Amino acid sequence: QVQVVESGGGLVQTGGSLKLSCTASGSIFSVNSMGWYRQAPGQPRDLVAKIDSGEDTTYAPFVKGRFIISRGNVRNMVYLQMNSLKPEDTAVYYCVGLIKHSVGSWYRQYWGQGTQVTVSS
């Protein structure tokens, strides 16, 4: 089994910073890309940032220049450094990994449970 767990959310004021962490664990053969999505109440789940197997990164326009996605010292860990936070960043943030299980035949997406980020005015 593969599990993805994220943490680091909380309540911050406008202009503040948070760093989210995500770890994939279990019977993992390899990790391809990892990324972050977010979902605000009544809104769809949108891509925030992703990092692929070659370390190339992609950012949504609404976070580019403020957020940074990076891998940890092992490929099953990923971080999201969030700076200059705005009230509109308030959402549940989800980590996702494209991961091949140790006995699997293909890569599939594994999702975390989400962590709440709230930015006050």
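Report follows, based on the coordinates. Bear in mind the structure is a predicted one, so any value in this text is a computation, not a measurement.

**A few points about the side chain of His 101**
Turning to step 1, where the next piece is worked out: The residue His 101 is located in strand 9 (residues 91–101) in this model.
Turning to step 2, where the next piece is worked out: Dropping the residues within four chain positions of it, His 101 is found in contact with Gln 1, Val 2, Ser 27, Phe 29 and Tyr 110.

**Quick notes on the sheet that holds strand 8 (residues 77–82)**
Turning to step 1, where the next piece is worked out: As summarised here, the arrangement of the four strands in space is 1-3-8-7, forming an open sheet in which the pairing is antiparallel. Where the open sheet ends on each side, the last strands, each with one partner, are strand 1 (2–7) and strand 7 (67–71). Taking the axes of each pair of neighbouring strands and ignoring which way they run, one obtains an average angle of 15 degrees across the sheet.
Turning to step 2, where the next piece is worked out: In the sheet, strand 3 (residues 18–26) pairs with strand 8 via six bridges, with the strands oriented antiparallel. Pairing of Leu 20 across the sheet is with Leu 80, part of strand 8.

**Quick notes on unusual backbone geometry**
Turning to step 1, where the next piece is worked out: Residues other than glycine seldom take positive phi values, yet Glu 55 does so here, at roughly 75 degrees.
Turning to step 2, where the next piece is worked out: Checked against the element boundaries, Glu 55 lands in the loop between strand 5 (46–51) and strand 6 (57–59).
Turning to step 3, where the next piece is worked out: Assessed through its relative accessible area of 38%, Glu 55 is described here as partly exposed.
Turning to step 4, where the next piece is worked out: Positive phi, normally seen in glycine, also occurs at Ser 84, with a value near 50 degrees.

**With respect to the environment of Arg 108**
Turning to step 1, where the next piece is worked out: Note that Arg 108 resides in strand 10 (residues 107–111).
Turning to step 2, where the next piece is worked out: Residue classification places Arg 108 among the partly exposed residues on the basis of a relative accessible area of 44%.
Turning to step 3, where the next piece is worked out: Filtering out sequence-adjacent residues up to four positions away, Arg 108 remains in contact with Gly 97, Leu 98 and Ile 99.

**Overview of the pattern of salt bridges**
Turning to step 1, where the next piece is worked out: Applying the stated criterion across every chain yields a total of four salt bridges.
Turning to step 2, where the next piece is worked out: The salt bridge partner of Asp 89 is Arg 38, with a shortest N-O separation of 2.9 Å. Of this pair, Asp 89 sits in the loop between strand 8 and strand 9 while Arg 38 sits in strand 4 (residues 28–39), placing them 51 residues apart in sequence. Here Asp 89 and Arg 38 have matching classes, each one buried.
Turning to step 3, where the next piece is worked out: Each of the salt bridges in this network shares a partner with another, and the network as a whole consists of Arg 38, Arg 66 and Asp 89.

Definitions and cut-offs
Residues numbered from 1 in each chain as written. Predicted model: local features only at pLDDT ≥ 70, side-chain atom pairs only at ≥ 80, totals over all residues. Heavy atoms only, no water. Helix = DSSP H or I, 4+ residues; strand = E, 2+ residues; numbered from the N terminus. Contact = heavy atoms within 4.5 Å. Pairing = 2+ DSSP bridges. Axes fitted to C-alpha atoms, helices over the stretch in contact; angles between N-to-C directions. Buried < 20%, exposed > 50% of the residue type's maximum accessible area, 1.4 Å probe, protein only. Salt bridge = Lys/Arg side-chain N within 4 Å of Asp/Glu carboxyl O.

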